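As a plain string of letters, each chain reads:
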Amino acid sequence: AFLAFTGRQTREAVYQFNHALDRDPPFAAAAAFMGFALAFDGQSHDAIGWFERALQMSPRDPFCGLFYGGLSAAQYVAGSYTEAVASAQEALRMQPGILGAHRCLCASLAQARRIEEARSAMRTLRQLQTQITLAWIRHAVPYSAGPMRHFIEGMRKAGLAE
């Protein structure tokens, strides 16, 4: 399922995550990664439900920071930038090294017109991920075409270049 997700094969990823959840219903990581697959494909409202389910299943899970980072991405895709900022900040409070949450924080702040904060968050991200560019995001982050354009727009507003 994870390989299908990272390969931008959402239908296959959803099928495999469903299979995992059928076999082990309280599998919080599978629920969260179902959320990632759906969010990165633009199905943000369904994705938000999966992240909330994962957090309810396992509120003390060592991966809760990752779950909040994914929730932030789903909220960003949905255009709920204030909520996306809050979820990214919660992810980073729990696990400061989650690069995806740093990226989502930058894009969300920029889309919320909090440009100075977005630029500051971008400086932090560049310290943590020195080689980050828009080209790297297009290659390495498994958003489908529509969500990718939206995410690139936010990152560009935050000050990231090609």
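Worth saying up front: this structure is predicted, and the values here are computed from it rather than measured.

Student: Is there a simple way to think about the packing of helix H5 (residues 64–77) against helix H6 (residues 81–94) in this case?
Tutor: Angle between the axes and distance between the axes are the two parameters that describe a pair of packed helices. Where H5 meets H6, the axes come as close as 8 Å, and the angle between the chain directions of the two elements is 165°. Classified by the interaxial angle, the pair formed by H5 and H6 is roughly antiparallel. Here the hand of the crossing between H5 and H6 comes out left-handed. The segment H5 lies against H6, with Cys64, Gly65, Tyr68, Gly69, Leu71, Ser72, Gln75 and Tyr76 engaging Tyr81, Glu83, Ala84, Ser87, Ala88, Glu90, Ala91 and Met94. Each residue belonging to the contact of H5 with H6 can be placed in one class, and the counts come to nine nonpolar, five polar and two charged.

Student: Please clarify how the pattern of salt bridges should be interpreted in this entry.
Tutor: When the charged atoms of two side chains with opposite charge come close together, those side chains can pair. Applying the stated criterion across every chain, the model contains five salt bridges. In this structure, glutamate 117 and arginine 114 form a salt bridge, with 2.9 Å as the shortest nitrogen-oxygen distance. Among the charged side chains, a salt-bridge network with shared partners connects Arg138, Arg156 and Glu162.

Student: Explain the packing of H5 against helix H7 (residues 99–111) to me, please; I cannot follow it from the model alone.
Tutor: Put simply, H5 and H7 touch, their axes get as near as 9 Å, and they point 30° apart. When the interaxial angle is binned, H5 and H7 end up roughly parallel. Viewed along their axes, H5 and H7 form a crossing whose handedness is left-handed. In this structure, H5 contributes Gly69, Ser72, Ala73 and Tyr76 to the contact, and H7 contributes Ala101, Cys104, Ala107, Ser108 and Gln111. Considering only residue class, the contact of H5 with H7 consists of five nonpolar, four polar and no charged.

Student: Got a minute to help me understand the environment of alanine 88 in this structure?
Tutor: The residue alanine 88 is located in helix H6 in this model. Sequence separation between alanine 88 and leucine 105 is 17 residues; the distance between their C-alpha atoms is 5.5 Å. Not counting chain neighbours up to four residues away, the residues in contact with alanine 88 comprise Ser72, Ala101 and Leu105.

The rules behind each value
- Residues numbered from 1 in each chain as written.
- Predicted model: local features only at pLDDT ≥ 70, side-chain atom pairs only at ≥ 80, totals over all residues.
- Heavy atoms only, no water.
- Axes fitted to C-alpha atoms, helices over the stretch in contact; angles between N-to-C directions.
- Helix = DSSP H or I, 4+ residues; strand = E, 2+ residues; numbered from the N terminus.
- Parallel < 35°, antiparallel > 145°, perpendicular 65-115°, else oblique.
- Left-handed = near helix turned anticlockwise from the far one by under 90°.
- Contact = heavy atoms within 4.5 Å.
- Nonpolar A, V, L, I, M, F, W, Y, C, P; charged D, E, K, R; others polar.
- Salt bridge = Lys/Arg side-chain N within 4 Å of Asp/Glu carboxyl O.

None of this, on its own, says anything about what the molecule does.
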